[in-house]
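# Chains, contacts and geometry: an overview
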Amino acid sequence: MNKVKNISNKSKALSEGFDAHVLVIRLSAMGDVAMTVPVLRTFRAIYPTVKITVLTRKFFEPIFTGIDNLEVYHADVNGKHKGIFGLSKLSKELRGLGISAVADMHNVLRSNVLKNFFSLHGIKVVQVDKGRAEKKALTRSKNKEFKQLKATHQRYADVLGKLGYPIDLREHSFPEKMALTPEILKFTKKSTKKWLGIAPFAQYKSKVYPLEFMIEVIEQLDQGDIYEIFLFGGGKKEIDLLNNIESKYKNVINIAGKLSFEDELKLIGNLDVMLSMDSGNAHLAAMYGIPTITLWGVTHPFAGFMPFGQPMENAILPNLAKYDQIPTSIYGNKVPEGYEDVMNTIEPETVVNAILKL
């Protein structure tokens, strides 16, 4: 796999030898950043002579490893690129790279400011259409328009199409599996069991499967002695919980806090199955073509955030007959009274059976 090049702090134009130089803006969050990867892989395959630079946070750089002729520029939005003057400085740095067009796949206040700076210098900017009106209709409690909306991956592809680079995501090809580092092998050793990743957390509690149910799932899978179960998470509280689970089961290994983000991605890319909430880890696994089972709370795949290439049967939903206001929000931050425990309607056996099927 090719290593992503970092071009932070370089002002020399790097687009020589290419027909054009497209800047892609996607600053956060991790799941959304990961969803750009299949789009950019497809773009690279169809337009090999167009240079790509991704403007994102430094932490996300490893997500783009393996895409040829793609470079990452770090947005230091809490430091030198903070505020209007910092963004002005950032736009000047980016213009110095020789960019010819901008694909804004973020479309927030910061990227809108950058858009204005680029437009003043005659650089074309196309911003993603987030479909806010459609999503509002999908999530409202009255007169809900319950239907499948355009996938976020397709919304990103549409941005490139409007810049003159139409792509068909059906032409996407997944990369070969990445080699495991010595640090990863300390945990995996030479296990020939099936490798199952479990990411039991999410940003909002409304999207987190009850811990006691998840432990039931882990216990059933551990008893079969056919899986190596790798737990993913972050933050002291999550790490402590996962360490406690690891200590009770033979085939469970907690990865949280023990590997670099780059190595976590390599391990994810070598899994046989990932079990995740509606969260960033689902998109990280899916961008490598790993079969990914997702558990959904008050959110719903109809909003367009189904992991890339995953069939709908891999999405396990709560009892929608009982909780007919789902989805109540796009990201899980709005929970109506009485909807706090929607995930309790997903039985552990349902989750186990989905994993066994895959």
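Structure: see above.
Predicted model, so just to flag it, every value in this text is computed and none were measured. (Residues numbered from 1 in each chain as written. Predicted model: local features only at pLDDT ≥ 70, side-chain atom pairs only at ≥ 80, totals over all residues. Heavy atoms only, no water.)

The number of helices and strands found in the protein chain is 11 helices and 12 strands. For 358 residues, the compact-globule estimate of 2.2 N^0.38 gives 21 Å, and the C-alpha radius of gyration of the protein chain, at 21 Å, lies within 12% of that figure. Taken over the C-alpha atoms alone, the protein chain extends approximately 60 × 55 × 40 Å along its principal axes. Approximately 16300 Å² of the protein chain is accessible, and the part contributed by carbon and sulfur atoms is 51%. (Helix = DSSP H or I, 4+ residues; strand = E, 2+ residues; numbered from the N terminus. Rg over C-alpha atoms; globule rule 2.2 N^0.38 Å. Areas by Shrake-Rupley, 256 points an atom, 1.4 Å probe, with all protein chains shown as cover.)

In this structure, Val-22, Phe-43, Ile-63, Phe-64, Leu-160, Tyr-165 and Phe-232 are the most contacted members of the largest nonpolar core, which totals 60 residues. It is helix H1 (residues 30-46) that provides the largest number of residues to this core, a total of seven residues. Counting 31 residues, the second-largest nonpolar core is a separate cluster that includes Leu-196, Ile-198, Leu-275 and Leu-295. (Core = buried A, V, L, I, M, F, W, Y, C linked by side-chain atoms within 4.5 Å. Buried < 20%, exposed > 50% of the residue type's maximum accessible area, 1.4 Å probe, protein only.)

With that settled, consider the environment of Leu-271. Here Leu-271 shows up in the loop between helix H9 (261-268) and strand S10 (273-277). According to the relative accessible area criterion, Leu-271 is buried, its value standing at 2%. Distance in space between the C-alpha atoms of Leu-271 and Pro-291 is 8.7 Å, their sequence separation being 20 residues. For Leu-271, the contacting residues outside a window of four places in its chain are Lys-177, Trp-195, Leu-196, Gly-197, Phe-230, Phe-232 and Ile-290. (Contact = heavy atoms within 4.5 Å.)

This part is about the packing of H1 against helix H5 (residues 152-162). As a packed pair, H1 and H5 sit with axes 9 Å apart at the nearest point and diverge in direction by 50°. Comparing their axes, H5 and H1 come out oblique. Helix-helix and strand crossings are classified by hand; for H1 and H5 the assignment is right-handed. Note on element contacts: H5 touches H1 through Thr-152, His-153, Tyr-156, Ala-157 and Leu-160, opposite Asp-32, Met-35, Thr-36, Pro-38, Val-39, Leu-40 and Phe-43. (Axes fitted to C-alpha atoms, helices over the stretch in contact; angles between N-to-C directions. Parallel < 35°, antiparallel > 145°, perpendicular 65-115°, else oblique. Left-handed = near helix turned anticlockwise from the far one by under 90°.)

The next thing to look at is empty space enclosed by the protein. Enumeration according to the criterion identifies two cavities of 30 Å³ or more in this entry. The volume enclosed by the largest cavity comes to roughly 70 Å³. Arg-41, Thr-65, Gly-66, Pro-175 and Tyr-288 are, among the 10 residues lining the largest cavity, the residues nearest its centre. When the residues that make up the lining of the largest cavity are grouped by side-chain class, the tally is seven nonpolar, two polar and one charged. In this structure, the second largest cavity is lined by Pro-62, Thr-65, Met-178, Glu-262, Leu-265, Lys-266 and Tyr-288. Looking at the lining of the second largest cavity, its residues break down into four nonpolar, one polar and two charged. (1 Å grid on protein atoms, 1.4 Å probe; cavity = no way out; pocket = protein on both sides within 12 Å on 5 of 7 lines; lining within 4 Å. Points joined across faces, edges and corners; volume = space filled by probe spheres on them. Nonpolar A, V, L, I, M, F, W, Y, C, P; charged D, E, K, R; others polar.)

With that settled, the discussion passes to the side chain of Asn-254. Note on placement: Asn-254 falls in strand S9 (residues 252-254). Look at Asn-254 and you get buried, because its relative accessible area is 0%. Within the local environment of Asn-254, its side chain forms a polar contact with the backbone nitrogen of Ala-256, the two atoms lying 3.0 Å apart. With sequence-adjacent residues up to four places away left out, Asn-254 is seen in contact with Leu-231, Ile-239, Leu-242, Asn-243 and Glu-246. (Polar contact = N/O pair within 3.5 Å; in protein donor to acceptor, adjacent residues only side chain to side chain.)

On to the packing of aromatic side chains. Following the criterion strictly, the structure yields 11 aromatic pairs and no others. Seen from their ring centres, Tyr-47 and Tyr-165 are 5.2 Å apart, and the 75° between their planes marks the pair as edge-to-face. Taken together, the positions of Tyr-47 in the loop between H1 and strand S3 (50-56) and Tyr-165 in the loop between H5 and helix H6 (182-188) put the pair 118 residues apart, joining distant regions of the chain. A connected cluster of aromatic rings, assembled from ring pairs, spans Phe-43, Tyr-47 and Tyr-165. (Phe/Tyr/Trp six-rings, centres within 6.5 Å; stacked < 30°, edge-to-face > 60°.)

On to the sheet that holds strand S12 (residues 315-316), then. Spatial ordering of the open sheet is given by S9-S8-S7-S10-S11-S12, a layout of six strands whose pairing is parallel. Looking along the sheet, the strands with just one partner apiece sit at the ends: S9 and S12. Inspection of the sheet shows strand S11 (residues 292-295) paired to S12 by two bridges, in the parallel sense. For Thr-294, the partnering residue across the bridge sits in S12 and is Ala-315. (Pairing = 2+ DSSP bridges.)

Once that is clear, we can look at the pairing of strand S7 (residues 194-199). Of all six residues making up S7, five are buried, and the element is well covered by its neighbours. Sheet analysis places S7 next to strand S8 (residues 227-231), joined by five bridges and oriented parallel. Paired with Trp-195 across the two strands is Glu-228, which belongs to S8. With helix H7 (residues 211-223) bridging S7 and the parallel S8, this β-α-β connection has right-handed handedness. Here S7 runs beside S10; their pairing, made up of four bridges, is parallel. Counted as the bridge partner of Gly-197 is Met-274 from S10. (Right-handed = clockwise from strand over helix to strand, strands pointing away.)

Now for the packing of H7 against helix H11 (residues 348-357). Taken N-terminus to C-terminus, the directions of H7 and H11 make an angle of 45°; their axes are 9 Å apart at the nearest point. Judged by the inter-axis angle, H7 sits oblique to H11. In the packing of H7 onto H11, the handedness of the crossing is right-handed. From H7, Phe-213, Glu-216, Val-217, Gln-220 and Leu-221 reach across to H11, where they touch Pro-348, Glu-349, Val-351, Val-352 and Ile-355. Among the residues making up the contact of H7 with H11, the classes are represented as seven nonpolar, one polar and two charged.

In the structure shown here, the tally under the stated rule is 10 salt bridges. We note a salt bridge from Arg-155 to Glu-134, for which the minimum N-O separation is 3.5 Å. Taken as a pair, Arg-155 in helix H5 and Glu-134 in helix H4 (residues 132-139) lie far apart in primary sequence, 21 residues in all. Its relative accessible area of 5% is what places Arg-155 among the buried residues. A residue is classified by how much of its surface remains accessible, and Glu-134, at 36% relative accessible area, is partly exposed. One salt bridge in this structure joins Asp-225 and Lys-250, with 3.6 Å as the shortest N-O distance. (Salt bridge = Lys/Arg side-chain N within 4 Å of Asp/Glu carboxyl O.)

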